[in-house]
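Spelled out, the chains give:
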Amino acid sequence: MTGKPRVIVTRRLLPVVEDRMSELFDVVINTEDRIMDRDALIAAMRDCDVLVPTVTDRIDGAMIEAAGDRLGLIASFGAGTEHIDVAAAWSRRIIVTNTPGVFTEDTADTAMALILTGPRRFAEGITTLRQGKWPGWGPSFMLGHRINGKRLGIIGMGRIGQAVAHRARAFGLEIVYHNRHRLPDAVENMLGARYESDLDRLIAESDILTLHCPATAETHHLLDARRIALMKPTSYLVNTARGHLIDEEALITALTHNKIGGAGLDVYAHEPEIDPRFISLSNVLALPHMASATIEGREASGEKVIANIRFWADGHRPPDQVLEGLV
(Lines give C-alpha, C1' and ligand atoms only; values in the text may rest on other atoms or scores of the structure.)
Protein backbone atom coordinates (compact mmCIF):
# COMPACT_ATOMS: atom_id res chain seq x y z
CA MET A 1 0.00 0.00 0.00
CA THR A 2 1.26 3.48 -0.86
CA GLY A 3 0.44 6.24 1.58
CA LYS A 4 -1.28 5.95 4.93
CA PRO A 5 -4.16 3.46 5.17
CA ARG A 6 -7.51 4.97 6.06
CA VAL A 7 -8.57 3.50 9.40
CA ILE A 8 -11.99 3.88 11.02
CA VAL A 9 -12.26 3.05 14.73
CA THR A 10 -15.78 2.31 15.95
CA ARG A 11 -15.30 3.23 19.66
CA ARG A 12 -13.06 5.51 21.71
CA LEU A 13 -9.78 3.91 22.76
CA LEU A 14 -7.18 5.08 25.26
CA PRO A 15 -5.72 8.49 24.32
CA VAL A 16 -2.21 7.08 23.97
CA VAL A 17 -3.52 4.51 21.47
CA GLU A 18 -5.54 7.05 19.50
CA ASP A 19 -2.58 9.43 19.38
CA ARG A 20 -0.29 6.72 18.04
CA MET A 21 -2.86 5.71 15.43
CA SER A 22 -3.17 9.34 14.33
CA GLU A 23 0.58 9.49 13.80
CA LEU A 24 0.70 6.36 11.69
CA PHE A 25 -2.60 6.25 9.81
CA ASP A 26 -5.31 8.39 8.28
CA VAL A 27 -7.59 7.64 11.19
CA VAL A 28 -11.22 8.48 11.96
CA ILE A 29 -12.34 8.03 15.58
CA ASN A 30 -15.94 7.65 16.72
CA THR A 31 -15.65 10.61 19.08
CA GLU A 32 -19.22 10.20 20.38
CA ASP A 33 -18.31 6.67 21.53
CA ARG A 34 -21.79 5.40 20.74
CA ILE A 35 -22.42 1.91 19.39
CA MET A 36 -22.68 2.22 15.61
CA ASP A 37 -25.78 0.74 14.03
CA ARG A 38 -25.76 -1.59 11.06
CA ASP A 39 -26.00 1.13 8.41
CA ALA A 40 -23.25 3.17 10.03
CA LEU A 41 -20.94 0.16 10.12
CA ILE A 42 -21.58 -0.60 6.44
CA ALA A 43 -20.89 3.03 5.52
CA ALA A 44 -17.66 2.90 7.52
CA MET A 45 -16.53 -0.30 5.81
CA ARG A 46 -17.12 1.28 2.41
CA ASP A 47 -15.00 4.28 3.35
CA CYS A 48 -11.86 2.71 4.81
CA ASP A 49 -9.01 0.31 4.19
CA VAL A 50 -9.09 -0.92 7.80
CA LEU A 51 -12.01 -1.17 10.20
CA VAL A 52 -11.24 -1.40 13.92
CA PRO A 53 -14.40 -2.78 15.60
CA THR A 54 -14.97 -4.05 19.11
CA VAL A 55 -17.16 -6.79 20.60
CA THR A 56 -20.13 -4.40 20.50
CA ASP A 57 -20.06 -4.40 16.68
CA ARG A 58 -21.87 -7.28 14.98
CA ILE A 59 -20.52 -7.75 11.46
CA ASP A 60 -22.30 -10.47 9.52
CA GLY A 61 -21.84 -11.86 6.03
CA ALA A 62 -24.39 -9.56 4.41
CA MET A 63 -22.63 -6.51 5.82
CA ILE A 64 -19.28 -7.74 4.55
CA GLU A 65 -20.82 -8.36 1.13
CA ALA A 66 -22.08 -4.77 1.12
CA ALA A 67 -18.73 -3.33 2.17
CA GLY A 68 -17.42 -2.73 -1.34
CA ASP A 69 -13.92 -3.37 -2.61
CA ARG A 70 -11.81 -1.01 -0.51
CA LEU A 71 -11.85 -2.79 2.85
CA GLY A 72 -8.89 -5.11 3.28
CA LEU A 73 -8.53 -5.63 7.03
CA ILE A 74 -10.84 -5.91 10.01
CA ALA A 75 -8.50 -5.37 12.98
CA SER A 76 -10.77 -6.17 15.91
CA PHE A 77 -10.01 -4.71 19.34
CA GLY A 78 -10.34 -7.67 21.72
CA ALA A 79 -9.76 -11.40 21.79
CA GLY A 80 -13.24 -12.60 20.83
CA THR A 81 -14.21 -12.86 17.17
CA GLU A 82 -17.71 -14.37 17.36
CA HIS A 83 -19.12 -10.94 16.45
CA ILE A 84 -17.50 -11.17 13.01
CA ASP A 85 -18.32 -13.60 10.20
CA VAL A 86 -14.70 -14.58 9.62
CA ALA A 87 -15.50 -17.01 6.80
CA ALA A 88 -17.47 -14.36 4.90
CA ALA A 89 -14.58 -11.93 5.29
CA TRP A 90 -12.11 -14.51 4.02
CA SER A 91 -14.29 -15.20 0.97
CA ARG A 92 -13.86 -11.51 0.09
CA ARG A 93 -10.12 -11.70 0.82
CA ILE A 94 -10.58 -9.48 3.86
CA ILE A 95 -8.21 -10.41 6.68
CA VAL A 96 -9.51 -10.49 10.25
CA THR A 97 -7.23 -10.01 13.26
CA ASN A 98 -7.81 -9.89 17.00
CA THR A 99 -5.78 -9.15 20.14
CA PRO A 100 -5.33 -12.44 21.99
CA GLY A 101 -3.71 -12.85 25.38
CA VAL A 102 -3.74 -9.24 26.57
CA PHE A 103 -6.75 -9.64 28.89
CA THR A 104 -5.90 -13.07 30.32
CA GLU A 105 -4.65 -11.91 33.72
CA ASP A 106 -7.34 -9.24 34.10
CA THR A 107 -10.18 -11.66 33.34
CA ALA A 108 -8.70 -14.34 35.59
CA ASP A 109 -8.43 -11.81 38.42
CA THR A 110 -12.11 -10.91 38.00
CA ALA A 111 -13.19 -14.55 37.91
CA MET A 112 -11.20 -15.24 41.07
CA ALA A 113 -12.76 -12.24 42.78
CA LEU A 114 -16.24 -13.58 41.96
CA ILE A 115 -15.22 -17.08 43.13
CA LEU A 116 -14.22 -15.59 46.48
CA THR A 117 -17.12 -13.16 46.80
CA GLY A 118 -20.07 -15.45 46.09
CA PRO A 119 -19.65 -18.18 48.72
CA ARG A 120 -18.72 -15.62 51.39
CA ARG A 121 -21.79 -13.44 50.59
CA PHE A 122 -19.68 -10.28 50.49
CA ALA A 123 -22.04 -8.53 48.04
CA GLU A 124 -24.95 -9.11 50.43
CA GLY A 125 -22.86 -7.77 53.29
CA ILE A 126 -22.08 -4.55 51.39
CA THR A 127 -25.78 -4.10 50.56
CA THR A 128 -26.72 -4.63 54.22
CA LEU A 129 -24.33 -1.87 55.29
CA ARG A 130 -25.45 0.56 52.59
CA GLN A 131 -29.09 0.04 53.55
CA GLY A 132 -28.32 0.61 57.22
CA LYS A 133 -29.60 -2.82 58.18
CA TRP A 134 -26.54 -4.22 59.94
CA PRO A 135 -27.60 -5.35 63.44
CA GLY A 136 -24.02 -5.77 64.62
CA TRP A 137 -21.78 -8.80 64.83
CA GLY A 138 -23.41 -12.08 65.72
CA PRO A 139 -22.27 -15.73 65.60
CA SER A 140 -24.99 -16.64 63.10
CA PHE A 141 -25.06 -13.45 61.04
CA MET A 142 -24.38 -13.56 57.27
CA LEU A 143 -22.81 -17.00 57.25
CA GLY A 144 -21.22 -18.14 54.02
CA HIS A 145 -18.92 -20.98 52.97
CA ARG A 146 -15.15 -21.19 53.06
CA ILE A 147 -13.63 -22.04 49.69
CA ASN A 148 -10.56 -23.88 50.94
CA GLY A 149 -11.06 -27.56 50.17
CA LYS A 150 -14.01 -26.96 47.84
CA ARG A 151 -14.12 -28.29 44.29
CA LEU A 152 -13.77 -25.72 41.50
CA GLY A 153 -15.06 -26.88 38.12
CA ILE A 154 -13.51 -25.02 35.20
CA ILE A 155 -15.26 -25.31 31.83
CA GLY A 156 -12.77 -24.25 29.17
CA MET A 157 -9.08 -24.60 29.97
CA GLY A 158 -7.45 -22.16 27.57
CA ARG A 159 -5.30 -19.23 28.63
CA ILE A 160 -7.87 -17.75 31.01
CA GLY A 161 -9.02 -21.07 32.46
CA GLN A 162 -5.43 -21.98 33.24
CA ALA A 163 -4.78 -18.57 34.79
CA VAL A 164 -7.82 -19.08 37.04
CA ALA A 165 -6.58 -22.55 38.01
CA HIS A 166 -3.19 -21.08 38.93
CA ARG A 167 -4.88 -18.58 41.26
CA ALA A 168 -7.35 -21.07 42.68
CA ARG A 169 -4.64 -23.51 43.69
CA ALA A 170 -3.21 -20.88 46.05
CA PHE A 171 -6.58 -20.71 47.82
CA GLY A 172 -6.65 -24.46 48.44
CA LEU A 173 -9.36 -25.31 45.91
CA GLU A 174 -9.53 -28.73 44.29
CA ILE A 175 -9.40 -28.05 40.56
CA VAL A 176 -11.29 -30.16 38.03
CA TYR A 177 -11.71 -29.10 34.42
CA HIS A 178 -13.51 -29.98 31.21
CA ASN A 179 -12.10 -29.00 27.83
CA ARG A 180 -12.40 -30.01 24.19
CA HIS A 181 -8.92 -31.48 24.48
CA ARG A 182 -7.18 -32.75 27.57
CA LEU A 183 -4.10 -30.81 28.63
CA PRO A 184 -0.66 -32.48 28.69
CA ASP A 185 0.21 -34.25 31.95
CA ALA A 186 2.91 -31.67 32.68
CA VAL A 187 0.42 -28.80 32.55
CA GLU A 188 -2.11 -30.69 34.69
CA ASN A 189 0.58 -31.39 37.28
CA MET A 190 1.74 -27.76 37.27
CA LEU A 191 -1.81 -26.49 37.83
CA GLY A 192 -2.84 -29.30 40.16
CA ALA A 193 -5.83 -29.92 37.91
CA ARG A 194 -7.74 -33.10 37.12
CA TYR A 195 -9.48 -33.69 33.80
CA GLU A 196 -13.15 -34.71 33.70
CA SER A 197 -14.40 -35.88 30.34
CA ASP A 198 -18.05 -36.00 31.42
CA LEU A 199 -19.34 -32.41 31.53
CA ASP A 200 -22.52 -33.37 33.39
CA ARG A 201 -20.50 -35.06 36.12
CA LEU A 202 -18.24 -32.03 36.45
CA ILE A 203 -21.27 -29.76 36.87
CA ALA A 204 -22.96 -32.05 39.37
CA GLU A 205 -19.87 -32.50 41.57
CA SER A 206 -18.53 -28.92 41.60
CA ASP A 207 -18.98 -26.56 44.53
CA ILE A 208 -18.09 -23.60 42.31
CA LEU A 209 -18.41 -23.60 38.52
CA THR A 210 -16.60 -21.06 36.34
CA LEU A 211 -17.01 -20.65 32.58
CA HIS A 212 -14.11 -19.86 30.25
CA CYS A 213 -15.13 -21.23 26.86
CA PRO A 214 -15.80 -19.32 23.62
CA ALA A 215 -19.25 -18.48 22.30
CA THR A 216 -19.98 -20.87 19.44
CA ALA A 217 -22.98 -22.73 18.09
CA GLU A 218 -21.90 -25.71 20.20
CA THR A 219 -21.60 -23.73 23.44
CA HIS A 220 -24.82 -21.69 23.07
CA HIS A 221 -26.81 -22.35 26.26
CA LEU A 222 -24.17 -24.83 27.35
CA LEU A 223 -25.71 -24.41 30.77
CA ASP A 224 -29.37 -25.00 30.01
CA ALA A 225 -32.17 -25.85 32.45
CA ARG A 226 -31.19 -29.53 32.55
CA ARG A 227 -27.57 -28.85 33.41
CA ILE A 228 -28.36 -26.10 35.89
CA ALA A 229 -30.61 -28.62 37.64
CA LEU A 230 -27.57 -30.87 38.06
CA MET A 231 -25.79 -28.29 40.22
CA LYS A 232 -25.64 -28.65 43.98
CA PRO A 233 -28.08 -26.47 45.95
CA THR A 234 -25.07 -24.81 47.61
CA SER A 235 -23.00 -24.37 44.44
CA TYR A 236 -22.03 -21.06 42.82
CA LEU A 237 -21.80 -20.17 39.16
CA VAL A 238 -19.29 -17.66 37.78
CA ASN A 239 -19.34 -16.36 34.20
CA THR A 240 -16.75 -13.93 32.83
CA ALA A 241 -16.80 -15.42 29.33
CA ARG A 242 -19.93 -14.81 27.21
CA GLY A 243 -23.55 -14.36 28.21
CA HIS A 244 -24.96 -16.77 25.63
CA LEU A 245 -23.28 -19.70 27.38
CA ILE A 246 -26.14 -19.68 29.89
CA ASP A 247 -29.90 -20.01 29.52
CA GLU A 248 -30.60 -16.90 31.57
CA GLU A 249 -34.26 -17.68 32.24
CA ALA A 250 -33.32 -21.10 33.62
CA LEU A 251 -30.59 -19.55 35.77
CA ILE A 252 -32.94 -16.90 37.17
CA THR A 253 -35.47 -19.58 38.03
CA ALA A 254 -32.82 -21.59 39.88
CA LEU A 255 -31.56 -18.52 41.74
CA THR A 256 -35.05 -17.32 42.64
CA HIS A 257 -36.01 -20.67 44.14
CA ASN A 258 -32.60 -21.19 45.81
CA LYS A 259 -31.86 -24.26 43.74
CA ILE A 260 -28.23 -23.09 43.65
CA GLY A 261 -26.28 -20.97 46.09
CA GLY A 262 -25.66 -17.96 43.89
CA ALA A 263 -23.96 -16.51 40.83
CA GLY A 264 -21.27 -14.00 39.94
CA LEU A 265 -21.85 -12.58 36.46
CA ASP A 266 -19.87 -10.16 34.31
CA VAL A 267 -21.50 -10.91 30.94
CA TYR A 268 -25.07 -11.19 29.70
CA ALA A 269 -26.94 -12.45 26.67
CA HIS A 270 -28.35 -9.11 25.50
CA GLU A 271 -25.78 -6.53 26.52
CA PRO A 272 -26.01 -3.70 27.38
CA GLU A 273 -29.49 -4.72 28.50
CA ILE A 274 -29.59 -6.95 31.55
CA ASP A 275 -32.55 -8.74 33.06
CA PRO A 276 -33.46 -6.62 36.12
CA ARG A 277 -33.91 -9.76 38.20
CA PHE A 278 -30.15 -10.27 38.16
CA ILE A 279 -29.84 -6.89 39.89
CA SER A 280 -32.59 -7.50 42.44
CA LEU A 281 -31.61 -11.02 43.52
CA SER A 282 -29.55 -10.96 46.71
CA ASN A 283 -27.62 -14.10 45.73
CA VAL A 284 -26.26 -12.54 42.53
CA LEU A 285 -23.23 -10.28 42.15
CA ALA A 286 -23.66 -8.57 38.77
CA LEU A 287 -20.82 -6.61 37.15
CA PRO A 288 -21.08 -4.49 33.95
CA HIS A 289 -18.75 -6.52 31.66
CA MET A 290 -15.62 -5.12 33.26
CA ALA A 291 -13.34 -8.16 33.53
CA SER A 292 -10.97 -6.71 30.92
CA ALA A 293 -11.32 -3.10 32.09
CA THR A 294 -7.75 -2.27 33.05
CA ILE A 295 -5.63 0.52 31.64
CA GLU A 296 -2.77 -1.90 31.07
CA GLY A 297 -4.89 -4.40 29.16
CA ARG A 298 -6.66 -1.84 26.98
CA GLU A 299 -3.36 -0.20 26.08
CA ALA A 300 -1.79 -3.55 25.20
CA SER A 301 -4.81 -4.41 23.05
CA GLY A 302 -4.46 -1.12 21.20
CA GLU A 303 -0.79 -1.80 20.59
CA LYS A 304 -1.67 -5.16 19.06
CA VAL A 305 -4.25 -3.52 16.77
CA ILE A 306 -1.63 -1.04 15.59
CA ALA A 307 0.92 -3.81 14.98
CA ASN A 308 -1.59 -5.83 12.96
CA ILE A 309 -2.44 -2.82 10.79
CA ARG A 310 1.23 -1.98 10.19
CA PHE A 311 2.09 -5.54 9.18
CA TRP A 312 -0.88 -5.63 6.80
CA ALA A 313 -0.12 -2.19 5.31
CA ASP A 314 3.48 -3.28 4.68
CA GLY A 315 2.27 -6.31 2.75
CA HIS A 316 2.97 -8.89 5.43
CA ARG A 317 0.70 -11.33 7.22
CA PRO A 318 -0.48 -9.76 10.50
CA PRO A 319 0.74 -11.61 13.60
CA ASP A 320 -2.77 -12.06 14.99
CA GLN A 321 -4.67 -13.15 11.89
CA VAL A 322 -7.75 -15.15 12.83
CA LEU A 323 -8.03 -18.53 11.10
CA GLU A 324 -10.72 -20.12 13.24
CA GLY A 325 -14.09 -20.23 11.52
CA LEU A 326 -12.68 -20.34 8.00
CA VAL A 327 -14.27 -22.82 5.60
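- Identification of the protein as Putative glyoxylate reductase from Caenibius tardaugens NBRC 16725 is taken from an unreviewed UniProt entry.
- Per UniProt, the protein has the following entry under Sequence similarities (unreviewed entry): "Belongs to the D-isomer specific 2-hydroxyacid dehydrogenase family."

1. Quick look at the sheet that holds strand β12 (residues 284-286)
Link 1 in the chain: Taken together, the 7 strands give an open sheet; going across it, the order is β8-β7-β6-β9-β10-β11-β12, and neighbouring strands pair in parallel fashion. With partners counted over all chains shown, the strands left at the sheet margins are β8 (193-195) and β12, one partner each. With strand direction ignored, the average angle separating the axes of adjacent strands in the sheet is 20°.
Link 2 in the chain: Bridge count for strand β11 (residues 262-265) against β12 is 3 bridges, and the pairing is parallel. When the sheet's bridge partners are listed, A263 is paired in β12 with V284.
Link 3 in the chain: Helix α5 (residues 104-120) rests against β6 (151-155), β9 (208-211), β10 (236-239), β11 and β12 of the sheet, and its axis sits at about 155° to β10.

2. Thoughts on the UniProt feature "domain: D-isomer specific 2-hydroxyacid dehydrogenase catalytic" (unreviewed entry) in the protein
Link 1 in the chain: When the UniProt feature table is mapped onto this chain, "domain: D-isomer specific 2-hydroxyacid dehydrogenase catalytic" (unreviewed entry) is found at residues 9-322.
Link 2 in the chain: In the segment residues 9-322, helix accounts for 39% and strand for 13%; the C-alpha atoms at its two ends are 19 Å apart.

Calculation criteria
Residues numbered from 1 in each chain as written. Predicted model: local features only at pLDDT ≥ 70, side-chain atom pairs only at ≥ 80, totals over all residues. Heavy atoms only, no water. UniProt positions renumbered as here; feature names shortened; annotations may be inferred. Pairing = 2+ DSSP bridges. Helix = DSSP H or I, 4+ residues; strand = E, 2+ residues; numbered from the N terminus. Axes fitted to C-alpha atoms, helices over the stretch in contact; angles between N-to-C directions. Contact = heavy atoms within 4.5 Å.

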